[in-house]
Amino acid sequence: MSEIITSNLFLKFLEENNFSTITGVPCSYFKDLLMYLDKEYDQKKIKHILATREDEAVGIASGVAFTNRKAIVYLQNSGLGNIGDALTSLAQLYKLPMLLLISYRGLLPDKDFPEHSIMGEVTEDFLRALKTPYWILEYETWQETMKEAIYTMEKLQSPVALLVKKGVLSL
Amino acid sequence: MKGYEVIEKIKGYINERDMIVSSTGNISREVFHILDQPQVYLRGSLGLQISVGLGIAIEEKKRKVLVILGDGSLLMGMGSIITSSYYKPSNLKILILDNAKYFTTGGQKTVSSAINFTKFLGSLEASFKISKNASEESINQDLTKFINSKGFSILHLKIESGKKALSNITWHPEEITKRIKKKII
Ligand SMILES: Cc1ncc(C[n+]2csc(CCOP(=O)(O)OP(=O)(O)O)c2C)c(N)n1
Ligand SMILES: [Mg+2]
């Protein structure tokens, strides 16, 4: 088992890269991060906005991007099924960059959670079909990966995704 | 009153710093042609207008953000009005133009008549929340109270169907974004 990316360092990294807002719908893979965000983190630096659906979160992040600022959206890959139109007719069409932090459910650790198995199988195909560049976040290389993702996001002025497997951001 | 007649009245209530987010279909087209430019004319993303307005409002606290959307759009993204009421940014104003129809796609019925809007809005955390028939007699008074309200506000207007013959929005979405970013600076 590798170590987990500490929530503190993760949010600091986002601060240093000028993210102003974090929004999304929870997944247990983000439990530690979301707990830290609401209990210990100073939200004057990065605001946390709750959303009722993943497409709503992409809408909020799009509003943020219209103001020349940047938001990160967290979602479970099940929620990927909810954001197709938000990406294609809003964020991508209007050139609104944002970082999508997507939990990668439905792999081996989720073998007892059949609700995730089909989306788990098609997650990467789905992102490719939506023409959304993605990276798999890993403990050892997370900062380089995120730098590359943010660089691409800025260059394309469009959403990019980070896939988060079990144990990377939360135990 | 018809939707575009309400939009014509709004002219007198917004200034050049204010930001309007308009919804999919006829409403965006009417806002584009009738009100000062540029505004955030959304062409797609039905159901996401309020969330886009919320995103702008939380970042640009000194700017009034007016979201103008149809009943079809409200119903598709119903959670967003709840989220907005939770954060209630004082600069966010939501105007619902309710013709009980998906007018843009041919006038098919929506289910909006199942909502008692006075009760529904009454249950939300907003400093101004009114549901009315749009009428020439009271529209100016309603818009004044709604737009000049010091807090988060919601105005639901029942309107008659009808549109003005207007050409398409001539700017590509990328151009809309460029102009909005320039306006923000
Ligand atoms: C996700 C999605 N579904 C369907 C449509 C097609 N569509 C475009 S406008 C519209 C009607 C919207 O109704 P409403 O918000 O009440 O506005 P009105 O046309 O009545 O002014 C529909 C269904 C769409 N653009 N996006
Ligand atoms: Mg309608």
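Predicted model only: the values in this text are computed from it and were never measured. (Residues numbered from 1 in each chain as written. Chains lettered and ligands numbered in written order. Predicted model: local features only at pLDDT ≥ 70, side-chain atom pairs only at ≥ 80, totals over all residues. Heavy atoms only, no water.)

Participant: How should the overall build of chain B be read in this particular structure?
Facilitator: Across its full length, chain B carries eight helices and eight strands. Taking 185 residues into account, the globule formula puts the C-alpha radius of gyration at 16 Å, and chain B, at 15 Å, falls close to it. When its C-alpha atoms are laid out on the principal axes, chain B stretches across 40 × 35 × 30 Å. Here chain B holds 185 residues, and 57% of them are scored as buried. Computing the positive centroid from 27 side-chain charges and the negative centroid from 17, chain B places the two 3 Å apart. (Helix = DSSP H or I, 4+ residues; strand = E, 2+ residues; numbered from the N terminus. Rg over C-alpha atoms; globule rule 2.2 N^0.38 Å. Buried < 20%, exposed > 50% of the residue type's maximum accessible area, 1.4 Å probe, protein only. Lys, Arg positive; Asp, Glu negative; His and termini not counted. Charge placed at Lys NZ, Arg CZ, Asp CG, Glu CD.)

Participant: Looking at this structure, how should I read the overall build of chain A?
Facilitator: For chain A, the count of helices and strands is six helices and six strands. Helices (α) and strands (β) of chain A occur, in sequence order from the N terminus, as α-β-α-β-α-β-α-β-α-β-α-β. Its C-alpha atoms give chain A principal-axis dimensions of roughly 45 × 35 × 30 Å. Residue burial in chain A is summarised as follows: out of 171 residues, 57% are buried. Within the structure as shown, chain A displays about 7400 Å² of accessible surface, and the carbon and sulfur contribution to it stands at 53%. Charge separation in chain A, taken as the distance between the mean sites of 18 positive and 22 negative side-chain charges, equals 4 Å. (Areas by Shrake-Rupley, 256 points an atom, 1.4 Å probe, with all protein chains shown as cover.)

Participant: Is there a simple way to explain the side chain of D110 of chain A in this structure?
Facilitator: Residues and elements named next belong to chain A. Relative to the assigned elements, D110 resides in the loop between β4 (99-103) and α5 (117-129). Engagement of the side chain of D110 in a polar contact is seen with the side chain of Y29, the distance being 2.8 Å. Here D110 is in contact with Y29 and R105, once residues within four sequence places are set aside. (Polar contact = N/O pair within 3.5 Å; in protein donor to acceptor, adjacent residues only side chain to side chain. Contact = heavy atoms within 4.5 Å.)

Participant: Sorry, what's going on with the interface of chain A and chain B here?
Facilitator: How big an interface is tends to be stated in terms of accessible area lost as the parts join. Each side of the interface is counted separately: chain A has 28 residues, and chain B has 30 residues. Buried surface at the junction of chain A and chain B, both sides included, amounts to about 2400 Å², of which 62% is carbon and sulfur. Inspection of the chain A/chain B interface yields three salt bridges. Between K47 of chain A and E59 of chain B there is a salt bridge, and its shortest N-O distance comes to 3.3 Å. Linking chain A with chain B are 11 residue pairs in polar contact (both at pLDDT 80 or more), by the criterion used here. For the side of chain A that touches chain B, the secondary-structure elements that each account for two or more residues are β1 (19-24), β2 (47-50), α3 (54-66) and α4 (84-91) of chain A. The dominant element in the side of chain A that touches chain B, judged by the number of residues it contributes, is α3 of chain A, at nine residues. Looking at the side of chain A that touches chain B residue by residue, the classes come out as 11 nonpolar, 11 polar and six charged. (Buried area = accessible area lost by both parts, 1.4 Å probe. Salt bridge = Lys/Arg side-chain N within 4 Å of Asp/Glu carboxyl O. Nonpolar A, V, L, I, M, F, W, Y, C, P; charged D, E, K, R; others polar.)

Participant: How do you make sense of the nonpolar core when you look at a structure like this?
Facilitator: Nonpolar side chains in soluble globular proteins tend to end up buried together. Formed by 87 residues in total, the largest nonpolar core has its most connected members in L100 of chain A together with L95 of chain B. No other element matches α3 of chain A, which puts seven residues into this core. Other than its neighbours up to four places away in sequence, L100 of chain A contacts V58, V73, L75, I83, L87, T132, P159, V160, A161 and L162 of chain A. Residues I46, Y74, W142 and L169 of chain A belong to the second largest nonpolar core, which totals 32 residues. (Core = buried A, V, L, I, M, F, W, Y, C linked by side-chain atoms within 4.5 Å.)

Participant: I tried to follow the sheet that holds strand β5 (residues 134-137) of chain A on my own but got confused; where do I start?
Facilitator: One key point about sheets: their strands pair by backbone hydrogen bonds, in either a parallel or an antiparallel sense. Residue and element names in this part refer to chain A. What the six strands build is an open sheet, ordered β2-β1-β3-β4-β6-β5; its pairing is parallel. A single partner strand is all that each edge strand has here, and the edge strands are β2 and β5. Taken pair by pair, the neighbouring strands of this sheet meet at an average axis angle of 25°, ignoring direction. Helix α2 (residues 31-39) contacts β1, β2, β3 (70-76) and β4 of the sheet and is inclined by roughly 115° relative to β2. Each of β1, β2, β3 and β4 is contacted by α3, which is oriented at about 170° to β3, the strand it contacts most. (Pairing = 2+ DSSP bridges. Axes fitted to C-alpha atoms, helices over the stretch in contact; angles between N-to-C directions.)

Participant: Would you mind going over the site of ligand 1 with me for this structure?
Facilitator: Lining the immediate surroundings of ligand 1 are 15 residues, of which D71, G72, S73, K101 and T104 of chain B lie closest. With respect to ligand 1, its neighbouring residues span chains A and B. The separation between an oxygen atom of ligand 1 and a polar main-chain atom of G72 of chain B is 2.7 Å. The side chain of N99 of chain B places a nitrogen or oxygen atom 3.0 Å from an oxygen atom of ligand 1. Protein coverage of the free-state accessible area of ligand 1, which is 580 Å², stands at 76%. When residues of the shell around ligand 1 are traced back to their parent elements, those giving at least two are α4 (71-76) and β5 (101-102) of chain B. With four residues, the single largest contributor to the shell around ligand 1 is α4 of chain B. Class assignment for the residues of the shell around ligand 1 results in five nonpolar, seven polar and three charged. (Near = heavy atom within 4 Å.)

From the geometry alone we can't say anything about function, so treat these as descriptive.
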